[in-house]
Amino acid sequence: MLTDGSVHVAVRGVVDAGSSCELLDVLIQGIAPRRTVIVDLTDVTYADETGMAALAVADRIAWLHDSELRVLGCTGEAEQLLAELRTSLVDPTGLER
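Scoring rules and cut-offs
- Residues numbered from 1 in each chain as written.
- Predicted model: local features only at pLDDT ≥ 70, side-chain atom pairs only at ≥ 80, totals over all residues.
- Heavy atoms only, no water.
- Buried < 20%, exposed > 50% of the residue type's maximum accessible area, 1.4 Å probe, protein only.
- Helix = DSSP H or I, 4+ residues; strand = E, 2+ residues; numbered from the N terminus.
- Arc of directions from axis to C-beta.
- Contact = heavy atoms within 4.5 Å.
- Axes fitted to C-alpha atoms, helices over the stretch in contact; angles between N-to-C directions.
- Parallel < 35°, antiparallel > 145°, perpendicular 65-115°, else oblique.
- Left-handed = near helix turned anticlockwise from the far one by under 90°.
- Nonpolar A, V, L, I, M, F, W, Y, C, P; charged D, E, K, R; others polar.
- Pairing = 2+ DSSP bridges.

Trainee: Got a sec to walk through helix α3 (residues 76-84)? Specific residues and values, please.
Mentor: Residues of α3 that are buried include every one of A78, L81 and L82, and no others. Down the axis, α3 shows its buried residues gathered within 100° of arc, on one side only. Relative to its buried face, α3 has exposed residues pointing more than 90 degrees away, namely Q80 and E84. On its buried side, α3 packs onto β2 (36-47) and α2 (49-64).

Here's what the structure looks like:
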């Protein structure tokens, strides 16, 4: 946990069907009322729909618990997948939330 009360989760490598459940578990553990969970995807080398769906589910769970999920370093295909899931994690202006 950071000094401001937020939680930082650095994700590395592959985010797909094989890792999405573990990612979702980690994100859910960080969710708490009025807490921001920052997910850093800078070091993700590959992401598929299942992996990005885990982020979308975590975003919805965060919203239901008066929490916020922020994604950093999401580019290329991963960003497109999140946009296709119509999640609030992707800012249509190109600026990260």
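Still more to cover.
Trainee: Can you break down the packing of helix α1 (residues 20-30) against α2 residue by residue, with the values?
Mentor: Two elements in contact, α1 and α2, have axes separated by 9 Å at closest approach and are oriented at 20°. Classified by the angle their axes make, α1 and α2 are roughly parallel. At the point where α1 passes α2, the crossing takes the right-handed sense. Across the interface between the two elements, S20, L23, L24, L27 and I28 from α1 touch T50, G51, A54, L55, V57, A58 and I61 from α2. Class assignment for the residues of the contact of α1 with α2 results in 9 nonpolar, 3 polar and no charged.

Trainee: Got a sec to walk through the sheet that holds strand β3 (residues 68-72)? Specific residues and values, please.
Mentor: As summarised here, the arrangement of the 3 strands in space is β1-β2-β3, forming an open sheet in which the pairing is parallel. Unpaired on one side and paired on the other, β1 (7-15) and β3 mark the two borders of the sheet. When the angles between neighbouring strand axes are averaged without regard to direction, this sheet yields 25°. Across 8 bridges, β1 lies against β2 in parallel orientation. Across the sheet, V7 pairs through a bridge with V37, a residue of β2. On top of the sheet, α1 reaches β1 and β2; it is set at about 175° to β1, its chief contact.

Trainee: Run through α1, naming residues and quoting values.
Mentor: Residues of α1 that are buried include every one of S20, L23, L24, L27 and G30, and no others. For α1, the angular spread of the buried residues around the axis is 120°, confining them to a single face. Exposed side of α1, more than 90 degrees from the buried face: C21, E22 and Q29 are the residues found there. Tucked into the core, α1 has its buried residues touching β1, β2 and α2.

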